[in-house]
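# Reading the structure
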Amino acid sequence: MDAIEIAGGKPLHGEVKISGSKNATLPQIAASLLAPGTSIFRGVPELADIRTLGRLLVHMGARVDREGGTLRVDASAVAKPEATYELVKTMRASVLVLGPLVTRFGRARVSLPGGCAIGARPIDQHLKGLEALGAKIELSHGYVEAKADRLRGATILFDLPTVTGTENLMMAAALADGRSILENCAREPEVIALAEALNAMGGRIAGAGTSVITIDGVDALRPMDVEVIPDRIEAGTLLMAAMITGGDVLVRGAKADHLDAAIAKLREAGAKITPESDGLRVIAPQKPTAVDFITAPFPGFPTDLQAQLMACLSVAKGASRVVETVFENRFMHVQELSRMGADIAIDGHTAVVRGVTRLSGAPVMATDLRASASLVLAGLRAEGTTTVQRVYHLDRGYEALEAKLQALGANIRRVKA
Ligand code: EPU
C-alpha cells in the first residue's frame, strides 16, 4: 500500500491547475445509461472512483473506453441492470445507477450501500422518490430490487437536501411519463451540471440550482457529449494548502461562484483572495486567524472541505469552533491531527480548535478521502516528516495531488510501502 511522505515547512508558490470534478462526472456517467449509443465525457479526472463506476457499467454490458481525459461509454448493449455488493461497497455513489436503470429498463437490482466511515448515509430519500414515481421497491438479501412499467411524473418533497438523491430522481424522472416536481432539492453545482447534461441529451429540466426542479419526462434521450466542470473541492483543498503554508498560489480553473463560502472563511482567516482571468489567487498570511464555521448544503460551507479548513485552523491565532451538520461522523481526522500536536476537543457535532504554534510531523492515517487530504495539508505545515498512510483514500478523489503540490514547491513524494 502506497504512502505519502512530506517534509513540511515550505510555503507553496506558483500556479496549479485543477482537474475535472469527481462528483460531477460520476452522475453524468451514470446518466449515459439512459440512452443507447455512445456518450462522450471530456476532461475526466483519472481517479479510482471513476474506474469503479466504469467497471460497474462494463459488468452491465456497456462498453467503456478511455483515452487521456476522454471517456466514452456505449450503453447500447446493457443487458444486466445490476450493481453488485462487491462494487457498491467500495463506492457509495454506485447507487446513482438505480434511477437510470429502473427508468430505462423497467428493473434494477442494486446493492444497498450500507454505512461508511463518515456516517450511516441511508438512501431512503432515493427510494421514497422512486416509489412516488411508481416503482415497486423491495429490499431483499441486501439488495434494492426495483421494478416498474413506465415511471410516471409526481411531486416529491425531500425530507432533506440530498445531492445524489436529487440526481437519482432527476435521472429517473427524465424518462417518466409527464411532469415531476422535486422540492427541497440539493443546489450543488454538480446537480446543475447533471441537469445541463440531461438537457443536452434531449431532457426537459428546469430549476436545477434552486430548491425546486421541474422535469418534463420525454420518451427517449440521446447520448451526450459533455465537458466536465472543474472540481470545486480540489480547488478549495489547494487554496487551503496555500493557506496552511503561508503561500501565494494561483489556482487555475477554480470558480469563485462555486466556492463563495470557503472564500469567505479564508478571507476572514486573513487570506487575500482575488479572482484572476482563469482562477483564484490566494496570498496567505504567515499564520491564519481563528474563525468559526458550520457545514451546510450548498451554498453553505461544504462538508467536503471541513477537515482541510480545520487543519489550517489548528495553527491559527486563537480558538475556532467547527460544527459539522451534514454527516454524523466526520471528525476522524481530529485524532490524527492531535497526534501531530493539534489541540482539538470534540463534543458531539462540534469541535473546538485551539491554535498551536507548531505541528510536528508523524505517521498518520485516515479512513476517508477528505480526512486524508487534511492530513496532507497538516504535513505541509508540520516540522519534520509526516507519512500519510492508506493513500488509496486520496486516490479515490484527488488526481496527482502529490505532483501538483511538488510543482508548488512542496517536499512531498509517494513511497511504496
Ligand atoms: N441522507 C438521508 N437519506 C437519503 C440521502 C441522504 O438521510 O436518502 C442524509 C445523509 O446521510 C447525509 C445528508 O443526507 O446526512 C446529505 O447527504 P447527501 O445525500 O447529500 O450525500 P451524498 O449524495 O451521498 C454527496 C457527495 C459527497 C458529499 C455529500 C454532501 C457525491 C458522489 N458524493 O454525497 O462527497 O460529502 O454529497 O455534500 O456527490 C466526497 O467527495 O468526499 C463525498 C463524500
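In this text the structure is predicted, and so the values were computed from the model without any measurement. (Residues numbered from 1 in each chain as written. Predicted model: local features only at pLDDT ≥ 70, side-chain atom pairs only at ≥ 80, totals over all residues. Heavy atoms only, no water.)

### Looking at the overall build of the chain
Counting secondary structure elements, the chain contains 14 helices and 24 strands. Taken over C-alpha atoms, the radius of gyration comes to 21 Å for the chain, in line with the 22 Å a tight globule of 417 residues would show. Its C-alpha atoms put the chain at 65 × 45 × 40 Å along the principal axes. Within the chain, buried positions represent 57% of all 417 residues. About 15,900 Å² of surface is accessible on the chain, with carbon and sulfur atoms providing 50% of the total. With 47 positive and 46 negative side-chain charges, the chain shows a spacing of 2 Å between the two charge centroids. (Helix = DSSP H or I, 4+ residues; strand = E, 2+ residues; numbered from the N terminus. Rg over C-alpha atoms; globule rule 2.2 N^0.38 Å. Buried < 20%, exposed > 50% of the residue type's maximum accessible area, 1.4 Å probe, protein only. Areas by Shrake-Rupley, 256 points an atom, 1.4 Å probe, with all protein chains shown as cover. Lys, Arg positive; Asp, Glu negative; His and termini not counted. Charge placed at Lys NZ, Arg CZ, Asp CG, Glu CD.)

### Observations regarding the pattern of salt bridges
Applying the stated criterion across every chain, the model contains 26 salt bridges. A salt bridge links D248 to R281, with the nearest nitrogen and oxygen atoms 2.6 Å apart. Pair noted here: D248 is in strand β15 (residues 248–252) and R281 is in strand β17 (residues 279–283), with a separation of 33 residues, a long-range link. A salt bridge links E336 to R339; the nearest nitrogen and oxygen atoms lie 3.5 Å apart. Of this pair, E336 and R339 both sit in helix α11 (residues 332–339), separated by three residues, roughly a single helical turn. With relative accessibility at 14%, the residue E336 sits in the buried group. (Salt bridge = Lys/Arg side-chain N within 4 Å of Asp/Glu carboxyl O.)

### A closer look at the packing of helix α1 (residues 22–31) against helix α2 (residues 48–60)
The relative placement of two packed helices is expressed as an angle between their axes plus a distance between the axes. Across the interface, α1 lies against α2 with an axial gap of 10 Å and an inter-helix angle of 5 degrees. As judged from the angle between their axes, α1 and α2 are roughly parallel. Within the contact between the two elements, α1 uses K22, T25, L26, I29 and A30 and α2 uses D49, I50, L53 and L57. Tallied by class, residues from the contact of α1 with α2 come to six nonpolar, one polar and two charged. (Axes fitted to C-alpha atoms, helices over the stretch in contact; angles between N-to-C directions. Parallel < 35°, antiparallel > 145°, perpendicular 65-115°, else oblique. Contact = heavy atoms within 4.5 Å. Nonpolar A, V, L, I, M, F, W, Y, C, P; charged D, E, K, R; others polar.)

### Points about the side chain of D49
When you line up the elements, D49 lands in helix α2. Under the relative-accessibility criterion, D49 is labelled buried at 2%. Leaving out residues up to four positions away in the same chain, D49 has contacts with K22, L26, M91 and R396.

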